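Read off the chains here:
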Amino acid sequence: MSARDRFLPIVLVLIFAAGCLGMTFMMPWAEFGLLTPSIPGSDWGKQFADTLGISGLLQPAIAFVNSNFPYLKDDVNAPYYVYGFFMALALISAAIGIAVIGREDAEEKTVLPLK
Amino acid sequence: MVETKKKTVITLICERAVDLDREMDEKGILKDAPDVTVIKFPCSGMIQPLMIEAALKAGAEGVIVCGCQIGDCYYREGNKMIRERLLGERPPGLKKTVDRRRVVALWLSRLQTKRFISEAKEFVGHLQTLNSITEAK
Amino acid sequence: MVMQKLYTDPLNKATLWLEHWTNVIATSKYNPFYYHGALPQFYLWVLFLSGLLLFAYYIPTIDNAYASERLINAWTSVDYITKTIPFGAVFRGLHRYAGDAMVLTIILHVLRVWFTDRYRQYRWVQWVSGVVLLLAVLFIGQTGYYLVWDERSLLLTRMTVSAFESLPVIGQPLKDWFINGKEITNLTLSNYLFIHIGLSFMLLFGLWVHYVRMARPVLTPPPVINYILVAITLAVVAMFPIQSGTMAQLTQTPTSFEIDWFFLWPYWMMTKMSMGFFWALMIGAVVLFTAVPWFVRTKPVETAEVVLTKCTGCSLCDKDCPYEAIDMVPAPAGSRFKLLATVKSYRCSGCGLCVGACAFDAIDLPNLLDSDVSNQIKAAAQS
């Protein structure tokens, strides 16, 4: 295996791992209702985000939710649905990450080990 | 230098795996790789390790075992079984005396004809280098 | 020969092509087509788990006291699950859409075994039990729609009652069984709940029949595929949240409803034709569908035969047979060995896996003898 062949999967795995972690962190924020500002979320969740100083980081996610889930505006379950959606994204990233590593086990050619 | 008799590579293949019907003549010899003779089975699971031993004993240069893609056996488990037998994970396995460098297994779906031909040619080349090494000794 | 015919079949070619390109992208290890039977099986577990949560809060009654502020019945309990329980709505959605997904994956499973010719002869038990399982899944899914007890449930109940009543002789008892009495009462919903859950567990028995002729059936897809199956369902739950209907009122007569095309298509058909024609069509379709394995006439399988003088009773062929077609029986008196392999010809596929498993050349396919193969190999090696 050349260095380049080794390098590419590692980069891919790192990207997917980062995506997966990111999505996983999105899930609790979604549950607190932070990603759906039209719905009153839990106060301490908001405070927590403010204390950590990461409220700004959530802006793109809020924009994403607001533009893609407009029909959830008046739904009490919006945080749960959005949580579920981000969990789905996290699962898909995880699946792709695992598959990138695991696909090397799939074999089309078996060379017998020497005894 | 003694002129050696031309030897063949025998392919034991599942009739549902890679499609070689248009690639070989009525004797089973591949047009693109005349060293390779194809023998068909209803399923790669029917191939006995004994048959591989017999082929090498009878003077074949090497043996290619070919089944369908792992996971896609028409008879459910045939290719997995012969794969495990070749690797010694399921009885009956190959005898210890069998030269494992002269056996290779391919798991190719019906549409992977080109892949098979190129793998077969590569294997023939591999066997030639093996022979030159043994002759040098 | 059957083989040649099979590979000129455009449907089989299309399937092979689709699977080939899936292999190129995902490799054979993660090719969902190679786990086609395990996909609905996985959704069954999803349904059991999400259903367990719903079952914990569901109340199977139709009480409808207008004066009562705190009305407790099936509809309000579903409403409670949806609006009050954390993630209740997500689990409800998961339960609904996993059901749809199960039907979808069953259709995929049926089409694959059909197009790749894996349904006939020694596999007829799997096909017939599969038809029964599919019908059971459809009926269970429909009872799920009765359970929420909104206006659609009431309409579906009334349509089912009139469909049963139109049947001669068995119609009336069937109707009485279905609504658990002469008219719709609290007992009706208990019966629906029993059918929905009881029949779901009966699926496990059906699956046992489905699997009994296969050694080592593939029951679970690899985790990567499971993740994606759950993810797709969750995404659909968020993208198409379930809307609760209006609570059913026995005094009212709802006339239209939204159709779930996976489960409720028979009710759509009922609205388009007379009941007699509907039943004739349904029963006819089921009979035809069940008989599919016998449409293609081919010569019978040439089953494996044990060479009695060579068999040592080592039972390797018994272990490796993918169709449980080999039994080890006590060897006849005077034999040097304890056991002897015997082939149950009605289960045998003629695949020859047992030949590959035998180190003593003691089992043979009559149309391709061991000795013929050996001669072929020798001839090829020495030419």
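The model shown is predicted, which means the values in this text are computed figures rather than measured ones.

Conventions we followed
Residues numbered from 1 in each chain as written. Chains lettered and ligands numbered in written order. Predicted model: local features only at pLDDT ≥ 70, side-chain atom pairs only at ≥ 80, totals over all residues. Helix = DSSP H or I, 4+ residues; strand = E, 2+ residues; numbered from the N terminus. Buried ≥ 20, exposed ≤ 12 C-beta atoms within 10 Å, placed from the backbone. Contact = placed C-beta atoms within 7 Å. Rg over C-alpha atoms; globule rule 2.2 N^0.38 Å. Axes fitted to C-alpha atoms, helices over the stretch in contact; angles between N-to-C directions. Parallel < 35°, antiparallel > 145°, perpendicular 65-115°, else oblique. Left-handed = near helix turned anticlockwise from the far one by under 90°. Nonpolar A, V, L, I, M, F, W, Y, C, P; charged D, E, K, R; others polar. pLDDT = per-residue confidence, 0-100. Core = buried A, V, L, I, M, F, W, Y, C linked by C-beta atoms within 7 Å. Expected span 1.5 Å × (residues − 1). Pairing = 2+ DSSP bridges.

K.L.:
Is there a simple way to explain the overall build of chain A in this structure?
P.N.:
When helices and strands are counted, chain A shows four helices and one strand. For chain A, the proportion of its 115 residues judged to be buried stands at 29%. Contacts in chain A between residues far apart in sequence, at least 24 positions, make up 73% of those at least 6 positions apart.

K.L.:
Just checking my understanding: could you explain the overall build of chain B for this structure?
P.N.:
Counting its secondary structure elements, chain B contains three helices and four strands. Of the regular secondary structure in chain B, the N- to C-terminal order runs β-β-α-β-α-β-α. The C-alpha atoms of chain B give a radius of gyration of 15 Å, which matches the 14 Å a tight globule of 137 residues would have. Counting only C-alpha atoms, chain B reaches 50 × 35 × 20 Å along its principal axes. Counting every position in chain B, which comprises 137 residues, the buried fraction comes to 50%. Long-range contacts, defined as pairs at least 24 residues apart, comprise 74% of the intrachain contacts of chain B with a sequence gap of at least 6.

K.L.:
Please explain the packing of helix α5 (residues 88-115) of chain C against helix α6 (residues 124-147) of chain C as it appears in this structure.
P.N.:
Helix packing geometry: the angle between the two helix axes and the distance between the axes. All names here are of chain C. One can describe the packing of α5 onto α6 by two numbers: an axis separation of 11 Å at closest approach and a directional angle of 160 degrees. Taken together, the axes of α5 and α6 lie roughly antiparallel to each other. The handedness of the crossing between α5 and α6 is left-handed. Residue-level inspection shows Gly99, Met102, Val103 and Ile106 of α5 in contact with α6, the latter providing Leu134, Val137, Gly141 and Gly144. Class assignment of the residues belonging to the contact of α5 with α6 gives a composition of five nonpolar, three polar and no charged.

K.L.:
In this structure, what is going on with the confidence of the model for chain B? I would like to understand it.
P.N.:
A low pLDDT score tells you not to read the predicted coordinates there in detail. Residue and element names in this part refer to chain B. The predicted model of chain B averages 88 in pLDDT, with 96% of residues at 70 or higher. Highest mean pLDDT in chain B belongs to strand β4 (residues 103-107) (94); lowest belongs to helix α3 (residues 113-136) (90). The ipTM value of the predicted complex is 0.88, and its pTM value is 0.88.

K.L.:
For this particular structure, what's the right way to read the interface of chain A and chain C?
P.N.:
Interface size, as often reported, equals the accessible area lost upon joining of the parts. Each partner contributes to the interface: chain A provides 20 residues, whereas chain C provides 21 residues. Looking at the side of chain A that touches chain C residue by residue, the classes come out as 14 nonpolar, three polar and three charged.

K.L.:
Please explain the nonpolar core as it appears in this structure.
P.N.:
Considering soluble globular proteins, one finds that nonpolar side chains tend to be buried as a cluster. Residues Val63 and Cys66 of chain B together with Cys354 of chain C are the most contacted members of the largest nonpolar core, which totals 66 residues. Excluding residues that lie within four positions of it along the chain, Cys66 of chain B makes contacts with Thr11, Ile13, Cys14, Ala17, Val18, Ser44, Leu106, Leu108 and Phe116 of chain B. The next biggest cluster of nonpolar side chains, apart from the first, holds 55 residues, and it includes Trp29 and Tyr81 of chain A together with Ala101 and Val137 of chain C.

K.L.:
Looking at this structure, I do not really get helix α9 (residues 186-211) of chain C. What am I missing?
P.N.:
Note: α-helices contain 3.6 residues per turn, so residues at a spacing of three or four share the same orientation. Residues and elements named next belong to chain C. When the terminal C-alpha atoms of α9 are compared, their 38 Å separation across 26 residues agrees well with the 38 Å that a helix rising 1.5 Å per residue should span. Of the residues making up α9, those classed as buried are Thr188, Leu189, Asn191, Tyr192, Ile195, His196 and His210. Lining the buried residues of α9 we find α4 (74-83) and α6.

K.L.:
I keep staring at the interface of chain B and chain C and nothing clicks. Help me out?
P.N.:
If you look at the interface, chain B gives 35 residues, while chain C gives 32 residues. Taken together, the elements giving at least two residues each to the side of chain B that touches chain C come down to β2 (36-41), α1 (49-57) and α2 (78-86) of chain B. Here the element with the most residues in the side of chain B that touches chain C is α1 of chain B; it accounts for four residues. For the side of chain B that touches chain C, a count of residues per class yields 21 nonpolar, nine polar and five charged.

K.L.:
What am I meant to see in the environment of Thr157 of chain C here?
P.N.:
Residue and element names in this part refer to chain C. Within the fold, Thr157 resides in helix α7 (residues 151-165). C-beta crowding within 10 Å serves as the criterion here: with 20 such atoms nearby, Thr157 is assigned to the buried category. Thr157 sits 99 residues away from Ser256 along the chain, and the two C-alpha atoms are 13 Å apart. Excluding anything up to four places from it in sequence, Thr157 contacts Tyr146, Ile179 and Ile184.

K.L.:
Is there a simple way to think about the sheet that holds strand β1 (residues 9-14) of chain B in this case?
P.N.:
Strand-to-strand pairing in sheets goes through backbone hydrogen bonds, with the strands running parallel or antiparallel. Spatial strand order, β1(A)-β4(B)-β3(B)-β1(B)-β2(B): five strands in an open sheet with mixed pairing. Each edge of the open sheet is held by one strand with a lone partner, namely β1 (109-111) of chain A together with β2 of chain B. If you compare each strand with its neighbour and ignore which way they point, the axes differ by 20 degrees on average. As paired elements, strand β3 (residues 62-67) of chain B and β4 of chain B share five bridges and run parallel to each other. When the bridges of β4 of chain B are listed, Val65 of chain B appears paired with Ala105 of chain B. α2 of chain B contacts β1 of chain A together with β1, β3 and β4 of chain B of the sheet and is inclined by roughly 150 degrees relative to β3 of chain B.

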